[in-house]
Amino acid sequence: MKRTRVAFAAIAAVGALTLAACTAEPGDTGDDGTTGAEETTDDGGGGQEGTIRIGIKFDQPGLGFQDGAEYTGFDVDVATYVAEALGYTADQIEWVETPSANRETMLEGGQVDMIFATYSITDTRDEVVDFAGPYFVAGQDLLVRADETDITGPDDLNGKNLCSVAGSTSAQRIQDDFADQVQLIEQPGYSECIQYLLGGQVDAVTTDDIILAGLAAAEGSGAMVVVGNPFSEENYGVGLPPGSDQCEPINEAIQAMFDDGSWEAAIEANTEGTGFTPNADLNPPELRECAAS
């Protein structure tokens, strides 16, 4: 499977990646108590009528990225596979931009039917929305220049410059837990961190490993690699509206994607040339039981 490469210039769209916090208005709730999602019915031939609205990031190369009318990335590939398993064709998918700050609101308000957007399953979120999956377990890691041999993990960062996005806690965690002499450099977005890394102003960039791999793959020159020594666990799940009956069929589709090789192929296609491999002890992840409806 050949991934359409995103030009480095496109990474500029990532500038406000973790700072995007536009306020979304909740969708209308129908008189019948539904969340406002477009009705779909079986057409008798195994397919579905209408569309399915799937929330993704539009500004994360390698995960969820919009380039005109084209949507690419690992989250997009998993979402497309799941939607097709549920009976929707690719052209029945309506991609909806879903900033991190608005994910719960958009699910509760019926603006999306499901979310694939590096959406970590947490106890706090579990109290508000439902989750299927997880479909990937990420870990905080480091992105370095390809010729860097001295940095093999967070303990090697004393005396080094480390870039992260303003407002993120990932770099502070490294300073608190691993390297108290690291110099923290904050930038508005990951595109600036990548430019600083390539220019030599910083020695490493930190966030979730698969996000780093997507950024490196989008740049495309092979000049950066993921260290491959993750030191946290983030279970990416499929966000669903509270009380959804779609968890079980989604889990079945995700398991099928694990089993038939499509999941591994999607990882490879979206992280090509970065040296990234998922943590084999955690991936593919074990699917958790669906909450009782």
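Everything numeric in this text was worked out from a predicted model, so none of it was measured.

## Focus on unusual backbone geometry
For the bond running from Gly133 to Pro134, omega is 10°, close enough to zero to count as cis. Residue position: Pro134 is located in strand β7 (residues 130-138). In this model, Asn283 is joined to Pro284 through a cis peptide bond whose omega is -10°. Inspection of the secondary structure puts Pro284 in the segment after α8 (262-270). Of note, the phi angle at Thr118 is positive, near 40°, even though the residue is not glycine. A residue is classified by how much of its surface remains accessible, and Thr118, at 8% relative accessible area, is buried.

## Re the pairing of β7
In terms of residue burial, β7 counts as a mostly covered element, since nine of its nine residues are buried. Summarising the sheet, β7 and strand β13 (residues 234-240) pair through six bridges and their orientation is antiparallel. For Asp130, the partnering residue across the bridge sits in β13 and is Leu240.

## Things to note about the sheet that holds strand β4 (residues 70-72)
One open sheet accounts for three strands, arranged β2-β3-β4; its pairing is antiparallel. The open sheet has two edge strands, β2 (59-60) and β4, and neither has a second partner. Pairing analysis gives three bridges linking strand β3 (residues 64-67) to β4, with the strands arranged antiparallel. Considered in β4, the bridge of Gln66 is made with Tyr71.

## Some thoughts on the pattern of salt bridges
Summed over the entire model, instances satisfying the criterion amount to five salt bridges. With a shortest N-O distance of 3.2 Å, Asp113 and Arg53 are connected by a salt bridge. Here the residue Asp113 occupies a position in the loop between α2 (103-108) and β6 (114-115), and Arg53 occupies one in strand β1 (residues 52-56), the gap between them amounting to 60 residues. Between Arg145 and Asp203 there is a salt bridge, with its nearest N and O atoms 3.7 Å apart. Here the residue Arg145 occupies a position in strand β8 (residues 140-145), and Asp203 occupies one in the loop between α5 (190-199) and β11 (204-208), the gap between them amounting to 58 residues.

## Section: the side chain of Asp75
Examined against the element boundaries, Asp75 turns out to sit in helix α1 (residues 74-85). We note that Asp75 is buried and unpaired, the nearest opposite charge coming from Lys57 at a distance of 7.1 Å. Look past the residues within four positions of Asp75 in its chain and what remains in contact with it is Leu63, Phe116, Ala117, Thr118 and Tyr135.

## Some words on the state of the cysteines
A covalent bond between the sulfur atoms of two cysteines is referred to as a disulfide. The final tally for this structure, using the stated rule, is two disulfides. The disulfide partner of Cys163 is Cys193, and the gap between their sulfur atoms is 2.1 Å. Around the S-S axis, the bridge from Cys163 to Cys193 shows a dihedral of about -75° and counts as left-handed. With Cys163 in strand β9 (residues 161-165) and Cys193 in helix α5, this pair connects stretches of sequence that are 30 residues apart. Classification of Cys163 as buried rests on a relative accessible area of 0%. Cys193 gets classed as buried once you look at its relative accessible area, which sits at 0%.

Rules used in this analysis
Within any chain, residue numbers begin from 1 and follow the written order of that chain's sequence. Local features in this predicted model are restricted to residues of pLDDT 70 or higher, and side-chain atom pairs are both shown and tallied only at a pLDDT of 80 or more, whereas totals for entire chains, interfaces and linings draw on every residue. Derived side-chain values reflect all non-hydrogen atoms in the structure, with water molecules and hydrogen atoms excluded from consideration. By definition, any uninterrupted DSSP run of H or I lasting at least four residues is a helix, any uninterrupted run of E lasting at least two residues is a strand, and each is numbered from the N terminus. Only protein chains enter the accessibility calculation, which uses a 1.4 Å probe; a residue is then buried when its area is under 20% of its type maximum, exposed when over 50%, and partly exposed in between. Here, any two strands with at least 2 DSSP bridges between them count as paired. The term salt bridge refers to a side-chain nitrogen of Lys or Arg lying within 4 Å of a carboxyl oxygen of Asp or Glu. Two residue types count as positive, namely Lys and Arg, and two as negative, namely Asp and Glu; His and chain ends fall outside the count. Whether two residues are in contact is decided by their heavy atoms: any pair within 4.5 Å suffices. When two cysteine sulfur atoms lie within 2.5 Å, the pair is treated as a disulfide.

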